[in-house]
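# Coordinates in review
Listed here are the chains, written in short residue letters.
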Amino acid sequence: MAGKSSRRASKVAVLMGGLSAEREVSLSSGRECAAALREAGYRVVEVDAGRDLPARLAEIAPDVCFNALHGRWGEDGCVQGLLEWLGLRYTHSGVLASALAIDKTRSKEVFRAAGIPVVESVLAPRAEVMARHVMAPPYVVKPNDEGSSVGVYIVARDANSPPQLGPDLPRTVMVEAYVPGRELTVSVLGDRATCVTEIHAEGWYDYHAKYTPGGSTHSCPADLPAEIAEAARDYALKAHRAIGCRGLTRSDFRWDEARGRDGLFILEINTQPGMTPTSLSPEQAAAEGMSFADLCAWIVEEALCR
């Protein structure tokens, strides 16, 4: 990693906010990252990414863009393509990997081909999902291309009627078999998987549980059989490589311990993990001796050194 003298020579534009449903999460991530990067010795400009983003970046002329955007336009390949067009270096994954990862159905196809176990799911019209059970309960209904547990519905085993979906879901949704058990997650930094974290929440690990202080608790590292911890780390690294990711990612899993290793499934990979005070990747890095400022600096230097 470069020393502080070279960091001071680097101007970093932290892209945050944006236009997606995850704007508030992104603003929180961006502010935290900007403060950490200043602590690490970089010159930082905070940018609320609107439709004037190309003009703003032309004016700022950064050495690198720290992408703290979440959701559509920020982590689906759109802003990545814009930054490629502008000839600017940027953190996290590129255009193709970002587009693949945000699309849960297509990323599952990649995972399956790489030998990573996935949960069975189908895409179905929203109207059909509200009219009948498109798979036997229990199952989960969610957008195919959003993150942060936005618009997630759980249909219980004894549900007599299909879910009545709110306006937060698109015309086509993913219906995914519900996997009972424990919520696990693993981050990958470049070519290295971190320890496994177990997430404890009352009920579903939803948007509120993720981003409200006290909404969930984490065991880091998780108290798991060595075989399961190693399998989760192995699958996370394989997923990172199969999708073609760069820098930092985080893969989420469900583990049905009654089934042993056969009960471990990947749910999705996040190419823009949250970087808020309650986020998981910074906590995992800290468990391995990397401060938040050092993590943010590593992300920037990884992008600068490509």
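The shown structure was predicted, so the numbers you read here are calculated from the model rather than taken from an experiment.

### Looking at the overall build of the protein
Broken down by element type, the protein carries 11 helices and 12 strands. Across its three principal axes, the protein shows a C-alpha extent of roughly 60 × 45 × 35 Å. Buried residues in the protein amount to 54% of all 306 residues. Within the protein, counting contacts between residues at least 6 apart in sequence, those at least 24 apart form 71% of the total. Total accessible area on the protein is roughly 13000 Å²; 51% of this is exposed by carbon and sulfur atoms. Put simply, the protein has 33 plus and 40 minus side-chain charges, and the middle of one group is 4 Å from the middle of the other.

### Digging into helix α4 (residues 78-86)
Turning to α4, its buried residues are Val79, Gln80 and Leu83. All buried residues of α4 lie within an arc of 105° about the axis, which places them on one face of the element. Looking at the residues trailing α4, positive phi occurs at Gly87, about 70°.

### What about the sheet that holds strand β2 (residues 43-48)?
Remark on secondary structure: sheet strands pair via backbone hydrogen bonds, oriented parallel or antiparallel. On the basis of which strands lie adjacent, the open sheet formed by three strands has the order β2-β1-β3 and parallel pairing. Single-partner strands in this sheet number two, and they are β2 and β3 (64-67). On average, each strand axis in the sheet is tilted by 25° relative to the strand beside it, whichever way the strands run. With four bridges joining them, strand β1 (residues 11-16) and β3 adopt parallel strand pairing. Residue pairing across strands places Val12 opposite Val64, the latter belonging to β3. Contacting β1, β2 and β3, helix α3 (residues 53-60) runs over the sheet at an angle of about 165° to β2.

### Some remarks on the environment of Glu84
Among the structural elements, Glu84 can be located in helix α4. On the basis of relative accessibility, which here comes to 43%, the residue Glu84 falls in the partly exposed class. With 10 residues separating them along the chain, Glu84 and Gly94 place their C-alpha atoms 8.8 Å apart. Look past the residues within four positions of Glu84 in its chain and what remains in contact with it is Tyr90 and Val95.

### Quick notes on unusual backbone geometry
Following Pro137, the chain continues to Pro138 via a peptide bond in cis, the omega torsion being 5°. Among the secondary structure elements, Pro138 is positioned in the loop between α7 (126-131) and β5 (139-142). Between Cys220 and the following residue, Pro221, the backbone shows a cis peptide bond with an omega angle of 5°. Among the secondary structure elements, Pro221 is positioned in the loop between β10 (216-219) and α9 (226-243). Located in the positive-phi region is Ala61, a residue other than glycine, with phi close to 50°. Position of Ala61 among the secondary structure elements: in the loop between α3 and β3. With phi around 70°, His92 is a residue other than glycine that occupies positive phi space. Within the secondary structure, His92 sits in the loop between α4 and α5 (95-102).

### Some remarks on α9
For α9, with 18 residues, the first-to-last C-alpha span of 26 Å sits near the 26 Å given by 1.5 Å per residue. Buried within α9 we find Ile228, Ala229, Ala231, Ala232, Tyr235, Ala236, Leu237, Ala239, His240 and Ile243. Lining the buried residues of α9 we find α5, α6 (104-113), β8 (182-189), β9 (192-201), β11 (248-255) and β12 (264-270).

### Points about the nonpolar core
Within the largest apolar cluster, 28 residues are counted, with the highest numbers of intra-cluster contacts made by Phe111, Leu184, Val196, Ile243, Phe253 and Leu264. Secondary structure elements with two or more residues in this core: α5, β8, β9, α9, β11 and β12. In terms of residue count, α9 provides more of this core than any other element does, nine residues in total. Listed in part, the 27 residues of the second largest apolar core include Ala36, Met275, Val300 and Leu304.

### Let's talk about the sheet that holds β12
Strand order in the open sheet formed by five strands is β10-β9-β8-β11-β12, and the pairing between neighbours is antiparallel. Lying at the two open borders of the sheet, with one neighbouring strand each, are β10 and β12. Strand-to-strand, the axes of this sheet are offset by a mean angle of 30°, without reference to chain direction. Of the pairings in the sheet, the one linking β11 to β12 comprises six bridges and is antiparallel in character. Counterpart to Asp252 in the pairing with β12 is Glu268.

### Considering the packing of α6 against α9
Direction vectors running N to C along α6 and α9 enclose 115°, while the axes themselves pass 10 Å from each other. Relative to α9, α6 is oriented roughly perpendicular. The way α6 lies across α9 gives a crossing that is right-handed. Contact residues: α6 offers Ser107, Val110 and Phe111, while α9 offers Ala239, Ala242 and Ile243.

Rules and cut-offs
- Residues numbered from 1 in each chain as written.
- Predicted model: local features only at pLDDT ≥ 70, side-chain atom pairs only at ≥ 80, totals over all residues.
- Heavy atoms only, no water.
- Helix = DSSP H or I, 4+ residues; strand = E, 2+ residues; numbered from the N terminus.
- Buried < 20%, exposed > 50% of the residue type's maximum accessible area, 1.4 Å probe, protein only.
- Contact = heavy atoms within 4.5 Å.
- Areas by Shrake-Rupley, 256 points an atom, 1.4 Å probe, with all protein chains shown as cover.
- Lys, Arg positive; Asp, Glu negative; His and termini not counted.
- Charge placed at Lys NZ, Arg CZ, Asp CG, Glu CD.
- Arc of directions from axis to C-beta.
- Pairing = 2+ DSSP bridges.
- Axes fitted to C-alpha atoms, helices over the stretch in contact; angles between N-to-C directions.
- Expected span 1.5 Å × (residues − 1).
- Core = buried A, V, L, I, M, F, W, Y, C linked by side-chain atoms within 4.5 Å.
- Parallel < 35°, antiparallel > 145°, perpendicular 65-115°, else oblique.
- Left-handed = near helix turned anticlockwise from the far one by under 90°.

Function cannot be read off these values alone, since they describe shape.
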